[in-house]
Amino acid sequence: MEEHFCFDQRLGISIPNLEMEWSQYSEETQQAILFHWEQIRGSIPDRIAELENSINQKQAQLSNESNFKTSCELNSEIAELASIINDLWLWYRANQTVSEKMHN
């Protein structure tokens, strides 16, 4: 099922990369894709926690930083990490209905 997913370097997870319309896949393939996605989706909260830890570390650095340029770089890094977290939550929630269908 790996061929139906591609690793997103920025997000740190594999995301669906379907080449056909969903209905064109056999039911067996759909189930396999959904099962694989559910495994990936289950790892998203852990990935978010890792990123939140990084944000907390950078915020601690920022509170002790007196160099303006370094402060700006840390702020930019924190903003990018927060953006990644937002995108991960979107993937987690947007595909929740698909995952729920798998269990029905």
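Before reading on, note that the structure itself is shown above.
Quantities reported herein were computed from a predicted structural model and do not represent experimental measurements.

Thresholds applied
Residues numbered from 1 in each chain as written. Predicted model: local features only at pLDDT ≥ 70, side-chain atom pairs only at ≥ 80, totals over all residues. Heavy atoms only, no water. Helix = DSSP H or I, 4+ residues; strand = E, 2+ residues; numbered from the N terminus. Expected span 1.5 Å × (residues − 1). Bend = angle between axes of the 7 residues up to and from the residue. Buried < 20%, exposed > 50% of the residue type's maximum accessible area, 1.4 Å probe, protein only. Core = buried A, V, L, I, M, F, W, Y, C linked by side-chain atoms within 4.5 Å. Pairing = 2+ DSSP bridges. Salt bridge = Lys/Arg side-chain N within 4 Å of Asp/Glu carboxyl O.

*Asks:* Would you mind going over helix α1 (residues 27-63) in detail, with residue names and values included?
*Replies:* A rise of 1.5 Å per residue sets the reference length of α1, with its 37 residues, at 54 Å; its end C-alpha atoms lie 54 Å apart and thus fit the reference within 8%. Where α1 bends most, the angle comes to about 30°, and this point is I44, followed within four residues by the proline P45. For α1, every residue scored as buried is listed here: Q30, I33, L34, H36, W37, I40, R41, I44, R47, I48, L51 and I55.

*Asks:* I'd like a description of the nonpolar core, backed by residues and values.
*Replies:* Ranked by internal contacts, the top residues of the largest apolar core, which has 17 residues, are L11, I13, I44, L51 and L88. When residues of this core are traced back to their parent elements, those giving at least two are β2 (13-16), α1 and α2 (68-94). Per element, the largest residue contribution to this core is seven residues, and it comes from α1.

*Asks:* Hey, could you go over the pairing of β2 for me, with residue numbers and the actual values?
*Replies:* Looking along a regular strand, one sees the side chains alternate between the two faces of the sheet. Pairing of strand β1 (residues 5-8) with β2, which is carried by four bridges, proceeds in the antiparallel orientation. Note on β2: the bridge partner recorded for F7 is S14. The loop that links β1 with its antiparallel partner β2 comprises four residues; one of these, G12, has a positive phi angle of about 80°.

*Asks:* Give me the lowdown on the pattern of salt bridges, citing residues and values where you can.
*Replies:* It is possible for side chains of opposite charge to pair when their charged atoms get near one another. The full count for this structure, using the stated rule, is six salt bridges. Note that R41 is salt-bridged to E38, the shortest N-O span being 3.7 Å. Here the residue R41 and the residue E38 both occupy positions in helix α1, the gap between them amounting to three residues, near one helical turn. Using a relative accessible area of 7% as the deciding quantity, one classes R41 as buried. K58 is paired through a salt bridge with E77; the nearest N and O atoms lie 2.7 Å apart. Here the residue K58 occupies a position in helix α1, and E77 occupies one in helix α2, the gap between them amounting to 19 residues. Residue E77 is classed as partly exposed on the basis of its relative accessible area of 34%. Taken together, the shared-partner salt bridges in this structure form one network comprising R10, E80 and D87.

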